Amino acid sequence: MARRSGALAACAALLFVLLELAEPHGAAEPLVPAMFVFGDSLVDVGNNNHLAKCNASCRANYPLYGVDHPRHSPTGRFSNGHNLADQLAQMLGFPESPPPLLSVPKSRLVPQMNKGGINFASGGAGLLDRTGPRVCGEVLSMTAQVGNFTELARQWKRANEKAADLISKSLFFISVGSNDLFEYSDFPQAPDHNDTQFLQDLVASYTTHIKDLYAAGAKKFSVVSPSLVGCCPSQRALAHDPKGPNDVDKYGCLGPANNLSRQLYPMIASMLQDLSLELSCMNYSLGDAVGMAEFVFRSPNTPAYNFTELEKACCGRGHFGEGGCNPRAPLCQNRTGYVFWDGYHPTEAASAVTAKELFVDTGLFVHPINVQQLVASQP
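Keep in mind the model is a prediction, meaning the values are calculated, not measured.

1. Digging into the overall build of the protein
Logical step 1: Along the backbone of the protein there are 13 helices and eight strands.
Logical step 2: The C-alpha atoms of the protein give a radius of gyration of 20 Å, which matches the 21 Å a tight globule of 379 residues would have.
Logical step 3: Oriented by its inertia axes, the alpha-carbon framework of the protein measures out at about 60 × 50 × 45 Å.
Logical step 4: Here the protein, with 379 residues, has 56% of them falling under the buried criterion.
Logical step 5: Look at the contacts in the protein between residues 6 or more apart in sequence, and 71% of them connect residues 24 or more apart.
Logical step 6: Working note: accessible area of the protein is about 15,800 Å², and carbon and sulfur atoms make up 54% of it.
Logical step 7: Measuring between centres, the 29 positive side-chain charges of the protein sit 5 Å from its 34 negative side-chain charges.

This is the structure in structure tokens:
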């Protein structure tokens, strides 16, 4: 036990040093020509605001969302401030995430590709096309997100002879998969449930999406795996509900959901490694969000972040943010000390830790290289 504690302390010390070094780039020129973002609500910066059939539970265009954003108003981000896409963009030298696809006039979409990129992400989306609509009403599926990029890339290449080179040097950031796990876990007794087949279907879909982006010219992929989805306040509530599954793991989280997260990460890692051998000049950086979350839960007082609340939602009633985050919900005051903003999403402070890890980690949670090394690599 003493040896394990010493190793953990050494990891915490190293993590603190790395995160202290990972300040926003701040150079006159960003490290990449553009950043293209794909995925779900962890990185959506407002696309769902423009989907007419998307219901309120899958939008973040009302208070108290955005309370700590520079505008101090809702922006469509499922956060109290900036989200993971913004924070990684800032590490690359951009002010924040590129704008959401649906906020840009059609006549300006191709020029925007050349002005820092576009965010295609949509809250509620998953790796599978069936994920999202049942809960949200309408989302931009990953198939639609990738298809939108492919069409814009085709137009850009037709208009600019340098477009292919710029695409190959740009960063493609993907954060997706959590909603697939959430929806699958909602029906644990379904007769057709087969965990192995389900996870294999997710990886097969992921493979298709990356191959389609690669065919359109993408070469540099930053991917972050789904985290311990069972530890979100909404899932903790299910785990502790007397009428619920009552399957609580060592962190007080919903065990079956976390087991899926743990199984999915090595499958994504293997998939990316295989693709990098198959696809010429493809480079990638994979963030192990499961490992990052476990580190935080084991050592929340690491000086780099010093979290004081690991379970509760900052915005919402009750212990687990029951009733959701809305203008009438109670709001915590020490938002930098909370891991979770609402029932599903991290605070700005928690996602900042993930962004810094993705950017500078030296092999604890990011493999085979970090994003800083990825963007410096030759396509």
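2. Quick word on the packing of helix H7 (residues 178–185) against helix H8 (residues 195–215)
Logical step 1: Look at H7 against H8: their axes get within 11 Å of each other, and the N-to-C directions meet at 155 degrees. In terms of orientation, H7 and H8 fall into the roughly antiparallel class. For the element pair H7 and H8, the recorded crossing hand is right-handed. Facing Asp180, Leu181 and Tyr184 of H7, the residues of H8 in contact are Asp195, Phe198, Leu199 and Leu202.

3. Focus on the sheet that holds strand S3 (residues 171–175)
Logical step 1: Read across the open sheet, the six strands follow the order S2-S1-S3-S4-S5-S8; overall the sheet is mixed. Two strands in the sheet have a free side with no partner beyond their single neighbour: strand S2 (117–119) and strand S8 (366–367).
Logical step 2: Where S3 meets strand S4 (residues 220–224), five bridges bridge the pair, whose relative direction is parallel. Paired with phenylalanine 172 across the two strands is phenylalanine 221, which belongs to S4.

4. Remarks on the pattern of salt bridges
Logical step 1: A complete count under the given rule lists ten salt bridges for this structure.
Logical step 2: With a shortest N-O distance of 2.6 Å, aspartate 86 and arginine 77 are connected by a salt bridge. Here aspartate 86 matches arginine 77 in class, with each residue buried.
Logical step 3: Through salt bridges with shared partners, a single network forms among Arg71, Arg77, Asp86 and Glu96.

5. Comments concerning unusual backbone geometry
Logical step 1: Looking along the chain, the bond that leaves proline 63 and enters leucine 64 is cis, with omega of 15 degrees.
Logical step 2: Within the element layout of this structure, leucine 64 appears in the loop between strand S1 (35–39) and helix H2 (84–92).
Logical step 3: Omega for the peptide link from histidine 367 to proline 368 comes to -10 degrees, which places this bond in the cis form.
Logical step 4: Summarising the element assignment, proline 368 is placed in the loop between S8 and helix H13 (371–376).
Logical step 5: The residue cysteine 281 is not glycine, and still its phi comes out positive at about 70 degrees.
Logical step 6: On the secondary structure map, cysteine 281 appears in the loop between helix H10 (255–278) and strand S5 (283–287).

6. Quick word on the pairing of S4
Logical step 1: Burial of S4 is extensive: five of the five residues sit out of reach of the surface.
Logical step 2: The side-chain alternation of S4 yields two buried faces, one formed by Lys220, Ser222 and Val224 and the other by Phe221 and Val223.
Logical step 3: Summarising the sheet, S4 and S5 pair through five bridges and their orientation is parallel. What sits directly across from valine 223, in S5, is leucine 286.

7. With respect to the nonpolar core
Logical step 1: Judged by nonpolar contacts, the single largest core of 97 residues is most densely connected at Phe149, Ile174 and Phe221.
Logical step 2: Isoleucine 174 has contacts with Phe38, Met142, Tyr206, Ile210, Leu213, Phe221, Ser222, Val223 and Val224, leaving out every residue within four places of it along the chain.
Logical step 3: Membership of the second largest hydrophobic core comes to eleven residues, among which are Leu64, Phe78, Cys314 and Trp341.

Definitions and cut-offs
- Throughout this description, residue numbers start from 1 for each chain and increase along the sequence as written.
- The predicted origin of the model limits local features to residues at a pLDDT of at least 70 and limits the giving and counting of side-chain atom pairs to 80 or more, whereas totals for whole chains, interfaces and linings rest on all residues.
- Side-chain numbers here rest on the full set of heavy atoms in the structure, without hydrogens or water.
- By the criteria applied, helices consist of DSSP H or I runs no shorter than four residues and strands consist of E runs no shorter than two, each listed in order from the N terminus.
- Throughout, radius of gyration means the C-alpha value; the globule benchmark is 2.2 Å times the number of residues raised to the power 0.38.
- When accessible area is computed with a 1.4 Å probe and restricted to protein chains, residues below 20% of their type maximum are described as buried, those above 50% as exposed, and intermediate ones as partly exposed.
- Contacts are assigned to residue pairs that have any heavy atoms within 4.5 Å of one another.
- Working definition of accessibility: Shrake-Rupley area with a 1.4 Å probe, residue cover restricted to the visible protein chains.
- Only four residue types enter the charge count: Lys and Arg as positive, Asp and Glu as negative, with His and the chain ends excluded.
- One atom stands in for each charge, and that atom is NZ of Lys, CZ of Arg, CG of Asp or CD of Glu.
- Fitted lines through C-alpha atoms serve as axes, helices being fitted only where they are in contact, and the angles separating the N-to-C directions of these axes extend from 0 to 180 degrees.
- Oblique is the label for any angle not under 35 degrees, not over 145, and not in the 65 to 115 range, which are roughly parallel, roughly antiparallel and roughly perpendicular in turn.
- If you view the pair so one helix is near and one far, a crossing is left-handed when the near helix is turned anticlockwise from the far one by less than a right angle, and right-handed when it is turned clockwise.
- Being paired, for any two strands, means DSSP has found at least two bridges between them.
- Each reported salt bridge corresponds to a side-chain nitrogen of Lys or Arg within 4 Å of a carboxyl oxygen of Asp or Glu.
- By nonpolar core we mean a set of buried residues, namely Ala, Val, Leu, Ile, Met, Phe, Trp, Tyr and Cys, connected to one another through side-chain atoms within 4.5 Å.

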